[in-house]
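# Examination of the molecular architecture
The lines below spell out each chain.
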Amino acid sequence: MTNRQAKQALVIDDEPDILELLTMTLSGMSIDCVTAENLAQAHEALKRHKFDLCFTDMRLPDGNGLDFVKTLQKHWPELPVAVITAHGNVDHAVEALKSGAFDFVSKPLKLRMLRDLVESALKLSPDRPQQRERRSRDKLLGDTDPIRALRGKITKLARSQAPVYITGESGTGKELVARLIHELGARSDGPFVPINCGAIPAELVESEFFGHKKGAFTGAVADKQGLFQAAEGGTLFLDEVADLPLMMQVKLLRAIQEKAVRPVGGHEEVNVDVRILSATHKNLAACVRDGSFREDLFYRLNVIELKVPPLRERQADIPLLAEHILALLARKNHLSKPLISQAAMAKLQSYAFPGNVRELENILERALTWADSDIIEVDDLMLPEHPSMSVMQAPVSAEPGEPLPQDLESCLEDQERQLIMQALEATRWNRTAAAKKLGITFRALRYKLKKLELD
């Protein structure tokens, strides 16, 4: 007789050895098992029992495991299901995750990975989807259709271990989306470790990711833990993943596949249990075509793609966002929250925001500084005169009939200073990103900052 207080798992496989191994492993974790050798038996079991977890093989005598996953998604969406795949069959594993599987395990089954999977699945919150959507709404603000659709996808992806590739323009909030997926999921008790792949010098990337042993190279005076180990039991967020050197892409692919890393200078691999989320503002498929990004890594990271809409596609959310941002800024600076005049709000809603929400934050912070009263007016926003243009599209030539500048050098310096300041503000003063936005080298930007006394 089963213990009613114990968790229950449904295990579907027509191989007696697999059934026995899974049953023994789960029993050792105080989980009662109901076994089925085919889909007909599985459906009967679902009628009689309430399960906390399910394992199913891909190929069964009377059907396909993927079809069963889709059935569970439709009728029992809160039941985490893991698919058992043949060794090395990445395509089937990816297809299972896209169909809604929580995770997958490959034959021959590795007990450590199996236990990690079970522990993560049982941590999933029993919250109803509406409750999770409400929790995400408190952080990802907005009531427009694009943002509501995004929140719905986030709450669904939070109940999976599938790698998610987050796309979107700079400043749309890709890291915020990644954090929400982490916080609403089974790994919320673990760390969330973000990495800006473009900010790490190429020669240090491997050491930063995987750690190193003392003496591995000049300057390695002690053992150092890598970011993979730091994210153990949690989520690793690879931001600007397109900027990873090709050499590192090979090693990252292996770490994801094997769930293990080898520190630089080390001889043994270290097991790691992390979920991978990645993002970039670049077109990663185009990077694959031009040879700067590995196709096999692209397909491992891009199991599920999640697009974050630009602010210009949800302009009706600007008043809500502006009020929230001003409240935060006022609290941070110990000021009373200012109002925004109707004209200023209309100006904001007509602006294209090439820098998205991040640019809105910068504009409001500047306006809060310059406003002469408790009401922010149009002039306090200091928006570019051509709101539909990006920073690099702003014209510098005089219109026909306008007088030419008397001091050309000084005029050009003023234009250059304005463009550099806009690029720095749009990238939150990240000089590397600002240089890329301006289409110049980091060294050239550093020189110009010194020359224009902006350093």
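Further up the page is the structure itself.
Anyway, here's the lowdown on the structure attached to this text. Throughout, a residue's number is its position along its own chain's written sequence, starting from 1. Local features in a predicted model are, by the rule used here, given only for residues with pLDDT of at least 70; side-chain atom pairs are given and counted only at 80 or more, and totals for whole chains, interfaces and linings are based on all residues. Values reported for side chains reflect all heavy atoms of the structure, with hydrogen atoms and water molecules removed beforehand.

### Comments concerning the pairing of strand S2 (residues 31-36)
- Pairing between two strands requires that DSSP report at least two bridges joining them. Helix numbering and strand numbering both begin at the N terminus, where a helix is a DSSP run of H or I of at least 4 residues and a strand a DSSP run of E of at least 2. For strand S1 (residues 7-12) and S2, the ladder comprises six bridges, and the chain directions are parallel. Along S2, the bridge assignment pairs Leu-10 with Val-34.
- With helix H1 (residues 16-27) bridging S1 and the parallel S2, this β-α-β connection has right-handed handedness. Seen with its strands pointing away from the viewer, a crossover is right-handed when the path leading from the first strand over the helix to the second is clockwise.

### Let's talk about helix H3 (residues 65-75)
- All of the buried residues in H3 are Gly-65, Leu-66, Phe-68, Val-69 and Leu-72. Looking down the long axis of H3, one finds its buried residues gathered within 160 degrees of arc, a one-sided arrangement.
- Those residues of H3 that are buried are in contact with S1, helix H2 (39-48), strand S3 (53-57), strand S5 (63-64), strand S6 (81-85) and helix H4 (90-98).
- Its side-chain oxygen placed 2.6 Å from the backbone nitrogen of Leu-66, Asn-64 serves as the N-cap of H3. The cut-offs for exposure are 20% and 50% of the maximum accessible area for each residue type, with area from a 1.4 Å probe on protein chains only; residues under the lower value are buried, those over the upper are exposed, and the others partly exposed. Working note: the arc is built from the helix axis to C-beta atom directions. Contacts are assigned to residue pairs with any non-hydrogen atoms lying within 4.5 Å of each other. Any pair of N or O atoms that falls within 3.5 Å is considered a polar contact. Within protein, one atom must be able to donate a hydrogen and the other to accept it, and sequence-neighbouring residues count only if both atoms are side-chain atoms.

### Details of the layout of surface pockets
- Looking at the largest pocket, its volume works out to about 1300 Å³.
- Definitions used for this entry: grid spacing 1 Å over protein atoms alone; cavity, a set of points where a 1.4 Å probe fits but cannot get out; pocket, an open set with protein on both sides within 12 Å along at least 5 of 7 lines; lining residue, one with an atom within 4 Å of a point. Residue lining of the largest pocket: 50 residues in total, with Gly-171, Thr-172, Gly-173, Arg-358 and Arg-428 positioned closest to the centre.
- Elements with a contribution of two residues or more to the lining of the largest pocket: helix H8 (174-183), strand S9 (192-196), strand S12 (235-239), helix H14 (318-332), helix H16 (356-370) and helix H19 (431-438).
- Just so you know the grouping, Ala, Val, Leu, Ile, Met, Phe, Trp, Tyr, Cys and Pro go in nonpolar, Asp, Glu, Lys and Arg go in charged, and all remaining residues, Gly too, go in polar. When the residues that make up the lining of the largest pocket are grouped by side-chain class, the tally is 17 nonpolar, 15 polar and 18 charged. Grid points are joined across faces, edges and corners, and a volume is the space filled by probe spheres set on the points.

### Notes on the nonpolar core
- Counting 31 residues, the largest nonpolar core has Phe-209, Phe-228, Leu-238 and Phe-293 as the members making the most contacts within it.
- Taken together, the elements giving at least two residues each to this core come down to S9, helix H9 (205-210), S12, helix H11 (246-258), helix H12 (284-289) and helix H13 (295-301).
- For this core, the element with the most residues is H11, which contributes five residues.
- If sequence neighbours within four positions are ignored, Phe-293 has contacts with Val-241, Ala-242, Leu-246, Gln-249, Leu-284, Cys-287, Val-288, Phe-298 and Leu-301.
- Core analysis: the second largest hydrophobic core is formed by 26 residues, Ala-93, Val-177, Ala-279 and Leu-306 among them. For our purposes a nonpolar core is just a set of buried Ala, Val, Leu, Ile, Met, Phe, Trp, Tyr and Cys residues, chained together by side-chain atoms within 4.5 Å.

### Points about unusual backbone geometry
- Residue Ser-30 is not a glycine yet carries a positive backbone phi of 60 degrees.
- Among the secondary structure elements, Ser-30 is positioned in the loop between H1 and S2.
- When its relative accessible area of 56% is taken as the criterion, Ser-30 is described as exposed.

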